[in-house]
Amino acid sequence: MSARDLLLATLLGALALGCGDDDGSTADAGPGVDAGPGIDAGPGIDAGSPDGGPTDAAPPLDAAACDEGDEAVVIACPDELVVDCAPAAGVEVAATASAAACDDGPVTVTCTPDGDLLAPGESEGRCVARTEAGDEASCTFPVRVTAAAVALTCPDAITTACAGPTTEVSLDAPAVMDACGVAGSPSSDGPADGFPVGETEVRFEAPVEGGDPVACTTLVRVTDEDAPTVMCEDDLTLVRTRPDEVLTPPEAAATDACDPAPTLEVDTETLARGANEVTWSATDSAGRTGTCVTSIDVLEAYAPTGVRLVSATLRGDGSTRVTIAWEGAGGADRTGYALERAPAPGGPWTRITTVGRNARTANDPRMDGGERHYRVVTLAGAWDGGASESVRAYALDAAGYDLRGESVPTVPFATTLYGVVRHPRDLSAGPYPLVLLLHGNHGICRRTPTDDEDFCGTSQDHECPDGRFVTTPNAEGLAYLAETVAAQGYVAVSISANAMNCRNGWIGERAQLLRAHLAQWAEYATSGGAPFGGTFRGRVDLSRVALFGHSRGGEAVAAVPAVLRDAPLVGVNVTSIFSLAPTDFDGYAPRDVAYGVLLPACDGDVRFLNGTDIHDRSLAFDDPRPRAQVLFAGANHNFFNTEWRIDDNGDGRSCDVSLEVGGPAQRGMLEGVFGAWLAGTVPTGALPEAFVRADAPTPEGIDAWAGTPLDLRWTYAAERLRVDDLEGPGTPGTNRLGEANAFSGWSTAERCFDNACGSRYPHERGAMILSWDGGGPVASFGLGGADGSGWDTVSMRVVSRRSVFNSGADEQVFRVILEDAAGRRAAVRTSDVTTVPHLYPHNDPLEIFQTVRVPFASFLAATPGLDRSRLGAVEVRMDVGGYRRGSVLLTDVALAN
Amino acid sequence: MRTFHFGTALPVIPEDMRAAFPLAVLLVAAACATSDEATPAPSTPSGPTRAELEAVDPATDPEPAPMPRALTDATLRLSAIDADEGEDGRGALVAAPDPIALDVERDAGWPGRAEDPSLHVGGLRFERYAFPAVTTLRFVAADQGALPMDAPVELHWGDDADATVALGTLSEARP
């Protein structure tokens, strides 16, 4: 029997007993309610108590209870009626009261509740006594029905140390106290997979038969006494490989015995150069913190830029020596560089050599394979810094041809086609563009193969005609340049013009000789021919031919475009020409090709630097292809050819000998400059490097290979809008745009041409002589609203004159001012973009122009609101402090790219 | 007594952290990436120059020789010649009624250079030349009777006045 059943039976039994004596004749309390165990019955009807007396029943009454007053009947109710352990559905409850008629007559008592089903709760009971005469008396009392009572008692709170992310905890079952009721087995909401660290309230609940379940709670406290373990890197060194690289501490990790994911933090987000103490902190769910410290030394060694193949040599054993040059890398911790080689641009890389921090060149003494890639890695002690982009190099091979009895137009005898060939060993990777190189006029006979002196003889072939002498290898003297070029991916051929040497002029004949070689190479490249057979068939690209010539050869190459216009060769297209120290016997003007000219400032042979004339004439065409001229201070005429070993500057006829840079420097410069020239003019869409465009100094790598800081003065023109060349109608008052020029404040502002510009002015070019002595004079060239949006720079050519106004001057600094149509002005000092030295080291220097190019970006930086789409004028203003007196020649003002 | 069991303790490393163990040395790994592919050459303070390259190449003589300021050892000789044409000294090549070769001899021979030699005889200028021998620079005058025999004779190269060679007079050179 359950507690609940017992309660009901007891209660109902008690009520039945009371109700069975209901004749009402007496006012006995009657059967009370035996609330049963566990019920706090209170002072109610308890007829079933062991002593048989009501505990809280109304006392029996009789007439004596009547007052002497006038009442007819008296009644006494219980103080309260309490029924314990009642089921939720209620219990039948009947109340009784004692009553007596004062006349001792019969009395009837009726009560409420009277067998009513009362749910647990409180209500009011009422009893009424009536006499037969109808007199009544009544009383009330509280009725309290209490619910069945079952209780759970949970175990006490428990505290235990964690054993993992969750901890197994054993809890005693709660105690069930079922004084009046029947409880089922308790259950718990405690986590089945263990308790986490911290406090967890566990609720036990037990069902109660016929009633609401009962519950209790207890607390489980899992403690974590150990801090997390943090695992960070051992002390290490990191290298920043580029200036904008953000270095962060390497990842750390943390574990905790009881927290699967402790919070991990680091006190340093980004690492600075030098020593960094980086502390990682991990905090677990219990709030305990562990740390790990890594000492990180950050070095800065940025990747080199401007990596180039500056030289290559075919060695006697057939291997290729390659020299790589680069620009110095940034990074305060760089200690040196490593040259690395790979079979493909992506590696794998093999370290070839290491050099010091001041080095800008390194070589691979024996390049293997056919095609290799080189890169330069900046070193910071034992650590690798940034790696450069890679540059490709081809292993070299040599060949040659010596074809006799060849007929060459304009040459009045059958002659030799003699070529010294250098080409990539792996021809299958071609076709490679063809580069022809032509030496200059020079003796063709020497006493011994290693003699320095060469002598003229008149020959119809390659050989010296005098059997007492050996033939001067004039073509071989440019083999070094052919090798460097070939390693860059060209078939380079240095041809002999020994049969043209030691004759009057013979420029046109040399140009025809070049054409004959081009025709021969057209044959080699298509059908093949002796002595190569089919070796070069399909391996030579004649649609992109470059020509290089020295001295008279330099003039001859400039004549080739005209020769080919008159007598084209099918499939042959010359795209690039470079003249070194050319003569100018015949006044050629190369057009429809890229044209560059090198002027050796200490030239003791072509002393008037006649290459300026060829270059100036090439500017006459609105040809967007590059035009460049470079004055090379300290260079003589001969030393660009390894076989021309006599210094034409003699004991200082042009320059003090101490100013000469020497043969190796000249050849080193030429390798770098000619390589850059080819790279910027032969490939489709190529753009010459910044230094060729007069936009940047000579690359350090070229200086380094030359072995001396090179003093190069460039002029450059390409796609441009000619504002004024001082040669148009109305000059100088009206410029090429038809706009007005104005010259104000000058001591002299005079337009000149050729010799009228001065005895040391070598240019075939109109110019303005501008001399000033204070006052800030201005030369203004009207632009008439020209749209500058499509142009990159404002360009002009200028040279500091040989003039008393320039006494003591080292350079010229002035301002170039760009004004838009609305009058907004932007000024840029020339010294911010380039250097305009006063002349150059020479006994009797010429006035050689150099180009000053001011980027539009500089103007816009100076005046952001400048409207470049409608330009009003460009001005040259001489008002910079320290340069308020001077004299210059100025020409070729242009908007240029 | 009934006992309630709650879970089993397991130390856990989060999945996304496992990859971090063992922690790799970052970024600097490249320092040794190629160290076993080649034996690095000793570090040198600076890279090679073209001069250094040529200094170790026995095929190239790095020492230049200065060119004499003037070829003072040249002599002028007049020689009879059988020629149909010769220069008139005024820029023209004309029929030669009385040709004569103006040979400038130099035992050491004549260097070739960019500029052409020209022979100035008084006010006449002869520009067409040939080298019948390595030691002989020859100009041909169309009419020896028209030559100023006592005028100074000079050899020039282009407009290079510094390279002038004085050769006396034709009278002195007459055999």
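Just above, that's the structure.
As a starting point, this report considers the structure included with it. (Residues numbered from 1 in each chain as written. Chains lettered and ligands numbered in written order. Predicted model: local features only at pLDDT ≥ 70, side-chain atom pairs only at ≥ 80, totals over all residues. Heavy atoms only, no water.)

Structural notes on the state of the cysteines
Residues and elements named next belong to chain A. Scanning the model with the defined rule gives 9 disulfides over all chains in all. The disulfide that involves Cys-445 links it to Cys-464, with 2.0 Å between the sulfurs. Given an S-S torsion of about 100°, the disulfide between Cys-445 and Cys-464 has right-handed geometry. Note that Cys-445 is positioned in strand β33 (residues 445-446) and Cys-464 in the loop between β33 and β34 (470-471), a separation of 19 residues in sequence. Disulfide partner of Cys-456: Cys-502, at an S-S distance of 2.1 Å. Residues Cys-456 and Cys-502 are joined by a disulfide whose S-S torsion is about -85°; by sign, that bridge is left-handed. Of this pair, Cys-456 sits in the loop between β33 and β34 while Cys-502 sits in the loop between β35 (491-495) and α3 (507-526), placing them 46 residues apart in sequence. Neither Cys-456 nor Cys-502 differs from the other in exposure class; each is buried. (Disulfide = S-S within 2.5 Å. Helix = DSSP H or I, 4+ residues; strand = E, 2+ residues; numbered from the N terminus. Buried < 20%, exposed > 50% of the residue type's maximum accessible area, 1.4 Å probe, protein only.)

Thoughts on the nonpolar core
Residue and element names in this part refer to chain A. Grouped together as the largest cluster of nonpolar side chains are 59 residues, with contacts concentrated most on Tyr-401, Leu-434, Leu-518 and Trp-521. Looking at this core, the element that brings in the most residues is α3, giving 10 residues. Composition of this core by domain shows at least three residues from each of domain 5 (396-716) and domain 6 (719-896). When neighbours within four sequence positions are excluded, Trp-521 is seen to be in contact with Tyr-401, Val-421, Leu-434, Leu-436, Val-491, Val-493, Phe-532, Phe-536, Val-540 and Leu-542. (Core = buried A, V, L, I, M, F, W, Y, C linked by side-chain atoms within 4.5 Å. Domains from an automatic or database assignment. Contact = heavy atoms within 4.5 Å.)

Observations concerning helix α6 (residues 663-681) of chain A
Compared with the 27 Å implied by 1.5 Å per residue over 19 residues, the 26 Å span of α6 of chain A between its first and last C-alpha is a close match. Along α6 of chain A, 18 of the 19 residues are buried, which leaves the element largely enclosed by surrounding structure. (Expected span 1.5 Å × (residues − 1).)

Side note on the sheet that holds strand β7 (residues 117-121) of chain B
Residue and element names in this part refer to chain B. Pairing is antiparallel in the open sheet, where 4 strands are placed in the order β8-β7-β11-β12. Only two strands of the sheet have a single partner each, and these edge strands are β8 (124-126) and β12 (160-169). Direction aside, neighbouring strands of the sheet carry axes that sit 25° apart on average. Relative to β12, strand β11 (residues 152-157) runs antiparallel, the two sharing 4 bridges. From the neighbouring strand, Leu-155 faces β12, where its bridge partner is Val-165. (Pairing = 2+ DSSP bridges. Axes fitted to C-alpha atoms, helices over the stretch in contact; angles between N-to-C directions.)

A look at the layout of surface pockets
Residue and element names in this part refer to chain A. Quantified by volume, the largest pocket comes out at close to 540 Å³. Every residue lining the largest pocket is counted, 25 residues in all, and those nearest its centre are Val-391, Arg-392, Gln-488, Tyr-490 and Ala-679. Only β22 (305-314), β29 (391-394), β32 (432-438) and α6 provide two or more residues apiece to the lining of the largest pocket. The element best represented in the lining of the largest pocket is α6, accounting for 6 residues. Of the residues belonging to the lining of the largest pocket, the class tally is 15 nonpolar, 5 polar and 5 charged. In terms of domain composition, the lining of the largest pocket takes at least three residues from each of domain 4 (305-394) and domain 5 (396-716). (1 Å grid on protein atoms, 1.4 Å probe; cavity = no way out; pocket = protein on both sides within 12 Å on 5 of 7 lines; lining within 4 Å. Points joined across faces, edges and corners; volume = space filled by probe spheres on them. Nonpolar A, V, L, I, M, F, W, Y, C, P; charged D, E, K, R; others polar.)

Regarding the pattern of salt bridges
If the charged atoms of two oppositely charged side chains come close together, the side chains can form a pair. Residue and element names in this part refer to chain A. A full pass over the atoms with the stated rule returns 62 salt bridges over all chains. A salt bridge links Arg-130 to Glu-136, with the nearest nitrogen and oxygen atoms 2.4 Å apart. Ionic contacts of the salt-bridge type, sharing partners, join the residues Asp-616, Asp-622, Arg-722, Asp-725, Glu-727, Arg-736, Arg-765, Arg-797 and Asp-892 into one network. (Salt bridge = Lys/Arg side-chain N within 4 Å of Asp/Glu carboxyl O.)

Overview of the packing of α3 of chain A against helix α4 (residues 552-566) of chain A
Residue and element names in this part refer to chain A. In the contact formed by α3 and α4, the axes pass within 8 Å of each other and the chain directions differ by 65°. The angle between the axes of α3 and α4 places the two elements in the roughly perpendicular class. The two elements α3 and α4 meet at a crossing, and its hand is right-handed. Facing α3, whose interface residues are Ile-507, Arg-510, Ala-511, Gln-512, Leu-514, Arg-515 and Leu-518, α4 presents Arg-552, Gly-553, Glu-555, Ala-556, Val-557, Ala-559, Val-560, Val-563 and Leu-564. Among the residues making up the contact of α3 with α4, the classes are represented as 10 nonpolar, 2 polar and 4 charged. (Parallel < 35°, antiparallel > 145°, perpendicular 65-115°, else oblique. Left-handed = near helix turned anticlockwise from the far one by under 90°.)

Some details on a negative patch on the surface
Residue and element names in this part refer to chain A. Together, Asp-62, Asp-103, Asp-104, Glu-132 and Asp-135 line one region of the surface with negative charge. With respect to the secondary-structure elements, Glu-132 resides in the loop between β7 (121-131) and β8 (136-147). Judged by its relative accessible area of 69%, Glu-132 falls in the exposed class. (Patch = residues over 30% accessible without salt bridge, like charges linked within 9 Å, V, L, I, M, F, W, Y side chains within 5 Å. Areas by Shrake-Rupley, 256 points an atom, 1.4 Å probe, with all protein chains shown as cover. Lys, Arg positive; Asp, Glu negative; His and termini not counted. Charge placed at Lys NZ, Arg CZ, Asp CG, Glu CD.)

Here's the deal with the packing of aromatic side chains
Each aromatic ring pair is summarised here by two numbers: the centre-to-centre distance and the angle between the ring planes. Residue and element names in this part refer to chain A. This model, assessed by the stated rule, comprises 25 aromatic pairs over all chains. Between Tyr-761 and Phe-849, the ring centres sit 5.7 Å apart and the planes meet at 85°, which makes this aromatic pair edge-to-face. With Tyr-761 in the loop between β44 (748-753) and β45 (766-773) and Phe-849 in the loop between β51 (836-837) and β52 (850-855), this residue pair connects regions lying 88 residues apart in the sequence. No difference in accessibility class separates Tyr-761 from Phe-849, as the two residues are buried. An aromatic cluster is built from Tyr-401, Trp-521, Tyr-524, Phe-532 and Phe-536, whose rings are joined through pairwise contacts. The positively charged end of Arg-503 is found above the aromatic ring belonging to Trp-506, 4.7 Å away from the centroid. Against the face of Phe-856 rests Arg-868, its NZ or CZ located 4.3 Å from the ring centre. (Phe/Tyr/Trp six-rings, centres within 6.5 Å; stacked < 30°, edge-to-face > 60°. Lys NZ or Arg CZ within 6 Å of the ring centre and 35° of its normal.)

Looking at empty space enclosed by the protein
The rolling of a water-molecule-sized probe over the atoms marks out the regions of remaining empty space. Residues and elements named next belong to chain A. Inspection of every chain in the model, using the stated rule, returns 6 cavities of 30 Å³ or more. Considered as a void within the structure, the second largest cavity measures approximately 150 Å³ in volume. Surrounding the second largest cavity, 17 residues form its lining, Tyr-716, Ala-717, Arg-720, Ser-795 and Asp-892 being those nearest its centre. Mapped onto the lining of the second largest cavity, the elements with two or more residues apiece are β41 (712-717), β42 (720-724), β47 (793-800) and β54 (885-896). Per-element tally for the lining of the second largest cavity: the top contributor is β54, with 4 residues. Here the lining of the second largest cavity is built from residues that sort into 7 nonpolar, 3 polar and 7 charged. Domain assignment of the residues forming the lining of the second largest cavity places at least three in each of domain 5 (396-716) and domain 6 (719-896).

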